[in-house]
Amino acid sequence: MTTTPTTPSDITRATISERPLLITVTQAGVALSLSRSSIYQLIWSEQLVPIRIGRSVRFSMQQIEQFVANRSTPQ
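In this report, we go over the structure that sits alongside the text.

Thresholds, definitions, all that
Residues numbered from 1 in each chain as written. Predicted model: local features only at pLDDT ≥ 70, side-chain atom pairs only at ≥ 80, totals over all residues. Heavy atoms only, no water. Pairing = 2+ DSSP bridges. Helix = DSSP H or I, 4+ residues; strand = E, 2+ residues; numbered from the N terminus. Axes fitted to C-alpha atoms, helices over the stretch in contact; angles between N-to-C directions. Buried < 20%, exposed > 50% of the residue type's maximum accessible area, 1.4 Å probe, protein only. Core = buried A, V, L, I, M, F, W, Y, C linked by side-chain atoms within 4.5 Å. Contact = heavy atoms within 4.5 Å. Polar contact = N/O pair within 3.5 Å; in protein donor to acceptor, adjacent residues only side chain to side chain. Parallel < 35°, antiparallel > 145°, perpendicular 65-115°, else oblique. Nonpolar A, V, L, I, M, F, W, Y, C, P; charged D, E, K, R; others polar.

**Quick word on the sheet that holds strand E3 (residues 56-60)**
Point 1. The strand order E1-E3-E2 describes an open sheet built from three strands, whose pairing is antiparallel. The open sheet has two edge strands, strand E1 (22-24) and strand E2 (51-53), and neither has a second partner. Ignoring which end each strand starts from, the neighbouring axes of this sheet average 45° apart.
Point 2. Pairing geometry for E1 and E3, over three bridges, is antiparallel.

**Observations regarding unusual backbone geometry**
Point 1. With phi around 55°, Ser-33 is a residue other than glycine that occupies positive phi space.
Point 2. Turning to its location among the elements, Ser-33 is positioned in the loop between helix H2 (25-32) and helix H3 (36-44).
Point 3. Although it is not a glycine, Glu-46 adopts a positive phi angle of roughly 65°.
Point 4. Residue Glu-46 is classed as exposed on the basis of its relative accessible area of 67%.

**Looking at the nonpolar core**
Point 1. Judged by nonpolar contacts, the single largest core of 13 residues is most densely connected at Ile-23, Ala-28, Leu-32, Ile-39, Leu-48, Phe-59 and Ile-64.
Point 2. Secondary structure elements with two or more residues in this core: H2, H3, E3 and helix H4 (61-72).
Point 3. What Leu-32 contacts, discounting residues up to four positions off in sequence, is Ile-39, Leu-48, Ile-64, Phe-67 and Val-68.

**Describing the environment of Ser-45**
Point 1. Here Ser-45 lies in the loop between H3 and E2.
Point 2. Judged by relative accessible area, Ser-45 falls into the partly exposed class, the value being 38%.
Point 3. Of the polar contacts made by the side chain of Ser-45, one reaches the side chain of Gln-47; its length is 3.0 Å.

**Looking at the packing of H2 against H3**
Point 1. Closest axis-to-axis distance for the H2/H3 pair is 8 Å, and the angle between their directions is 100°. Classified by the interaxial angle, the pair formed by H2 and H3 is roughly perpendicular. On H3, the residues touching Val-25, Thr-26, Ala-28, Gly-29 and Leu-32 of H2 are Arg-36, Ile-39 and Tyr-40.
Point 2. Class assignment of the residues belonging to the contact of H2 with H3 gives a composition of five nonpolar, two polar and one charged.

It is worth stressing that arrangement in space is one thing and function is another; only the former is reported here.
Take a look at the structure:
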């Protein structure tokens, strides 16, 4: 049985849990079907720009989707 969020804070939590704003290098690799080292190569070649929070490296889901969209368009 699935419950429907009823308060604004429940709705916010449900929305965030469905789609995270930021993902890790490992999660980006899974999303793109690439290894961690391939993700780091994309960072070093400036094809992906990470968001750094302290020593943590994260990517926005929007950037990952845009990365794929840019490579999907015929040139």
